[in-house]
Structures are given as structure tokens and as C-alpha cells.
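# An overview of the molecular structure
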Amino acid sequence: MHRILVGLDASPRSKDVLDAAIDLARRTNSKLILMRAIGIPVELPPEAYALPPASLEGLLEQEALRYVERELERVPEELRGPVKVAVGTPWQAICQAAKDENVDLIVIGSHGYQGLDRLIGTTAAKVVNHADRSVLVVRHAEKLTS
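Another point: the overall build of the protein chain. Looking only at helices and strands, the protein chain features 6 helices and 5 strands. N-terminal to C-terminal, the α/β element order of the protein chain is β-α-β-α-β-α-β-α-α-β-α. Within the structure as shown, the protein chain displays about 8600 Å² of accessible surface, and the carbon and sulfur contribution to it stands at 51%.

Listed below in C-alpha cells is the structure:
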């Protein structure tokens, strides 16, 4: 194993996902590629409607890049690979980035089945079902005790 793609979503469980990926990268001497994929939010602030579509996408990409670069600071220098951001359907963007970067493994967080997840499935489930490489799904620590 040489390259691991880590899908981060800025949720509280992202810390567990990154911690697990760092531990695995240390054990396998792999590089971590941190990624944030952002879907276009259903509810946009009114000022977003005044922006041209490219500007909205650029704004979301900038925000995602700032987040990923902050998280990269937690990764030991010797384990750092490139960072990636994408605006689009998150599971598709993660699967495509895994191909583009030719990673050996995708590490993502699990999701509780609440709300819309029950109807359309989670990003994690879709990545597991559609990725053309292995996927490690990290469960949130609270879920492990129940």
C-alpha cells in the first residue's frame, strides 16, 4: 500500500476518520491524499442566487480547500500527499479521485441512517458499492460501544 485517499466531510466524525488513516499510513508507510467533496446545498443563501454558477462552485471549492489544508496540518509531514477538492455528487467525486490518483485504499466515515439517508443511502454506502478498489469505513467511536 502506497497511497490512501481520505474522504473528509467536516463532520465531528472526520477526526476519527483522519486519525484512523494516519495510523494506517504510519503502519504501511503510505502517503495520505486528503479530499473534501461538496455537493451543491439544497438550501442556498439568497445572495448565492445572484452569483454566476462558476462563482458559486469556486466559492465552495475555496471553502473546501481551506478546510482540507487545516486538516493536513494534523498529518505528519512524511505521510502527506496532495489535497483534493471537488464540487459535485460526493460519492462520485470520491470514486473518481481514487481512480485519478491511483490510490490503493479509500478511507471514509460511516453515517447513521437518519432522514434522507434512509431513502437514498449514505455517501459511504455508495462509495463501497461503486468504488473499483478497497474501502475502509471508519465508524464513529460512539457507535462502537452500542
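There's more to say after this.
Once that is clear, we can look at the environment of Met-35. Locating Met-35 in the fold gives a position in strand β2 (residues 31-38). A C-alpha to C-alpha distance of 4.7 Å links Met-35 and Lys-84, two positions 49 residues apart in sequence. If we ignore the near neighbours within four places in the chain, the residues touching Met-35 are Leu-5, Val-6, Gly-7, Leu-8, Val-68, Lys-84, Ala-86, Ala-93, Ile-94 and Ala-97.

This part covers the packing of helix α3 (residues 90-100) against helix α5 (residues 123-130). Interaxial distance between α3 and α5 falls to 9 Å at its minimum, and their mutual angle equals 40°. On the basis of their axis angle, the class for α3 and α5 is oblique. Between α3 and α5 the crossing geometry is right-handed. Across the interface between the two elements, Pro-90, Trp-91, Ile-94 and Cys-95 of α3 pack against Thr-123, Lys-126, Val-127 and His-130 of α5. Partitioned by chemical class, the residues of the contact of α3 with α5 number 5 nonpolar, 2 polar and 1 charged.

About the thresholds
Residues numbered from 1 in each chain as written. Predicted model: local features only at pLDDT ≥ 70, side-chain atom pairs only at ≥ 80, totals over all residues. Heavy atoms only, no water. Helix = DSSP H or I, 4+ residues; strand = E, 2+ residues; numbered from the N terminus. Areas by Shrake-Rupley, 256 points an atom, 1.4 Å probe, with all protein chains shown as cover. Contact = heavy atoms within 4.5 Å. Axes fitted to C-alpha atoms, helices over the stretch in contact; angles between N-to-C directions. Parallel < 35°, antiparallel > 145°, perpendicular 65-115°, else oblique. Left-handed = near helix turned anticlockwise from the far one by under 90°. Nonpolar A, V, L, I, M, F, W, Y, C, P; charged D, E, K, R; others polar.

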